[in-house]
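# Structural overview
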Amino acid sequence: MPEISAEQVAHLATLARIALTEEEIAHLTTELGQIMQAVEQVNRVATPEVPPTSHPIPMQNVFRADVVTDDVLTPAQALAGAPERDGDRFVVSAILGEEQ
Amino acid sequence: MSHADDLIRLNAADLAGRLATGDVSSVEATRAHLDRIAAVDGAVHAFLHVDAERALAAAAEVDRARAAGESLGELAGVPIAVKDVLVTEGMPSTSGSKILEGWIPPYDATPVRKVREAGLIPLGKTNMDEFAMGSSTEHSAYGPTHNPWDLERIPGGSGGGSAASVAAFEAPLALGSDTGGSIRQPAHVTGTVGVKPTYGAVSRYGSIALASSLDQIGPVTRTVLDAALLHDVIAGHDPHDSTSIDMAWPSMAEAARNADVKGLRIGVVKELDSDGFQAGVRQRFHESLDLLEKQGAEIVEVSAPNFEYSIAAYYLILPAEASSNLAKFDSVRFGLRVTPDGGGTVEQVMAATREAGFGPEVKRRIILGTYALSAGYYDAYYGSAQKVRTLVQRDFDAAFEQVDVLATPTAPTTAFRLGEKLDDPLAMYLNDVATIPANLAGVPGISLPSGLAPEDGLPVGIQFLAPAREDARLYNVGSALEQLLVAEWGGPILAKAPDLTTHELTATEEGAL
């Protein structure tokens, strides 16, 4: 069981795109260690011969005809909740920073 | 008892009967519930949003259709509360999060569309733990809901708002969602009925996803028959949800009306009948089993040795799936956008938005899920948790070879005090020890009141579980037990709940003098 460090939590926060404060990172480092210790007991019974289950009810791939149905959103509906828009497009912030 | 008070205390089935005869109009019934909300929701805080105007308009339309002799569904004209996890056209849908504050979706979730088409009257949206992460509603970004039995205590979670709205007579019916017990555990602590249908029985289209392999939508009510009637409205195949089961379901209402347990084999899961459960919870559980046995049911002890690993597996699978599902809150297409001082790249804006918009439990689980899915840890954590899922399913399969349904207490304790477990995530997670196995295996479960715990006078529930697709068995056994218990109590359990309007009534009486 690897110890979880504050650096690791900071890295996870970057991966998850959450700008955690130093205080939150410190708090989460302690909590994450405790939670991982509790949940790692799954390894007591998860032996190699047990197959994993990803989905509770087995299903085949579900397909439908590749046609536009009459219940798709209009552009106006799709854009109605956008924080910023330009006509029929979502406005996003700059993709590249100055150093890039 | 006034006319309006009489209306709000009716079960949905009885209210539907009076609506059908024309004895009461839907507008009257809807207004009575809106008045009740106005009177008690300041104290209970079950609702995040109430849409009185549109509810009354929908009710008037049902009254018009009925007067015109049009064919209507059995529950037409009956009010319903909707958990805020379901998107609703024209009503804000936040899933209890600041990141979606004020968002008005452009479409209805399928269960919401179905209840509207059946003529039910949506009153508003109910409070919940943020993105359904919690067992107490204390993780709602909009403040907790209070348990109508004791306003200082939790109403359960994540669907505490739906359960409390029904327990406080603000609505006869509500919709909930259950990922690890979020319908059944609130039912347990509020003296109400909650059902998690078979995974895939009810469409999740328009349900703001928490953990996609676990989530299921279901009914929240005061009686088993009401839950069955609502289940019949919302269940069924939906091409918009690829996990939706394509089969013809039997009538759950018919199963509830059947209520015959003669020869029914009921398995008691011995691992969930232990000292880890409060004495009064166990006492009422065993009394319920005794009543069923006297009616001809056969009680059998069964073992489910892998259930003890369920919580551990759940707290790997859920955060992993949630961390992926919640990636859509990226400040671009809907919801909050926070731009750091002096601007920033889209990644910086995203990180600032998610920092400001997510609460502590959501951040905790996203970070946990990101860790469990990290390269090098995937097999040890997420992979192992999926193996436990197989073992839990095998436990269910073995048990259902011996018995028709399983029985457990729904949760370990009665409602605890607000704040009591807020700083101890692991203690909070233990509330779902008896409800999580059903989600891992996809099987259906019901919780209904089994009495009040003698030590604190608070409600406790009993849970029944059935094999996948055999939801009807739950309504049969649940309804049979409910009839026996109500006869013993001399009335429904909620008749013993405190009168929340005492203060308002006193004020009115003073005004009259």
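Look a little higher up for the structure.
This report concerns the structure included in the present document. Given the structure is predicted, the values throughout are model-derived calculations rather than measurements.

## Focus on the overall build of chain A
Check the secondary structure of chain A and you find three helices and two strands. Listing each helix as α and each strand as β along chain A from the N terminus yields α-α-α-β-β. Computed over its C-alpha atoms, the radius of gyration of chain A comes to 22 Å, more than 25% above the 13 Å expected for a compact globule of 100 residues. Structurally, chain A occupies a C-alpha span of about 50 × 45 × 25 Å along its principal axes. In chain A, buried positions account for 18% of the 100 residues.

## Quick look at the overall build of chain B
A tally of regular secondary structure across chain B gives 18 helices and 11 strands. Relative to the compact-globule value of 24 Å for 513 residues, chain B shows a C-alpha radius of gyration of 22 Å, a close match. Taken over the C-alpha atoms alone, chain B extends approximately 65 × 60 × 45 Å along its principal axes. Looking at chain B residue by residue over its 513 residues, the buried ones come to 61%. Taking the intrachain contacts of chain B between residues at least 6 apart in sequence as the baseline, contacts between residues at least 24 apart amount to 77%.

## Quick notes on the interface of chain A and chain B
Taken together, the contact between chain A and chain B spans 47 residues of the former and 58 residues of the latter. Looking at the side of chain A that touches chain B, the elements that each hand over two or more residues are α1 (6–15) and α2 (22–39) of chain A. A breakdown of the residues in the side of chain A that touches chain B according to their chemical character gives 32 nonpolar, 10 polar and five charged.

## Quick word on unusual backbone geometry
All names here are of chain B. In this structure, the amide linkage connecting Gly-157 to the following residue, Ser-158, adopts the cis form with an omega of 10°. Position of Ser-158 relative to the elements: it lies in the loop between β3 (121–126) and α6 (160–167). Here the phi dihedral of Phe-169 falls at roughly 60°; this positive angle occurs in a residue that is not glycine. Along the chain, Phe-169 turns up in the loop between α6 and β4 (173–178). Phi is positive for Ala-259, which is not a glycine, with a value near 45°. Relative to the helices and strands, Ala-259 is located in the loop between α9 (252–258) and β7 (265–269).

## Thoughts on helix α11 (residues 310–325) of chain B
Between its first and last C-alpha atoms α11 of chain B spans 22 Å; for 16 residues at 1.5 Å apiece the expected length is 22 Å, and the two agree. Most of α11 of chain B sits out of view: 14 of its 16 residues are buried.

## Regarding the pairing of strand β2 (residues 79–83) of chain B
All names here are of chain B. Of all five residues that make up β2, five are buried, and the element is covered over most of its length. What you see with β2 is no split at all: Pro-79, Ala-81 and Lys-83 on one side and Ile-80 and Val-82 on the other are buried throughout. By the bridge criterion, five bridges tie β2 to β3 in an arrangement that is parallel. Its bridge partner being in β3, Val-82 is matched across the sheet by Lys-125. Here three bridges tie β2 to β4, and the two strands are oriented parallel to one another. Directly across from Ile-80, in β4, lies its bridge partner Leu-173.

Thresholds, definitions, all that
Residues numbered from 1 in each chain as written. Chains lettered and ligands numbered in written order. Predicted model: local features only at pLDDT ≥ 70, side-chain atom pairs only at ≥ 80, totals over all residues. Helix = DSSP H or I, 4+ residues; strand = E, 2+ residues; numbered from the N terminus. Rg over C-alpha atoms; globule rule 2.2 N^0.38 Å. Buried ≥ 20, exposed ≤ 12 C-beta atoms within 10 Å, placed from the backbone. Contact = placed C-beta atoms within 7 Å. Nonpolar A, V, L, I, M, F, W, Y, C, P; charged D, E, K, R; others polar. Expected span 1.5 Å × (residues − 1). Pairing = 2+ DSSP bridges.

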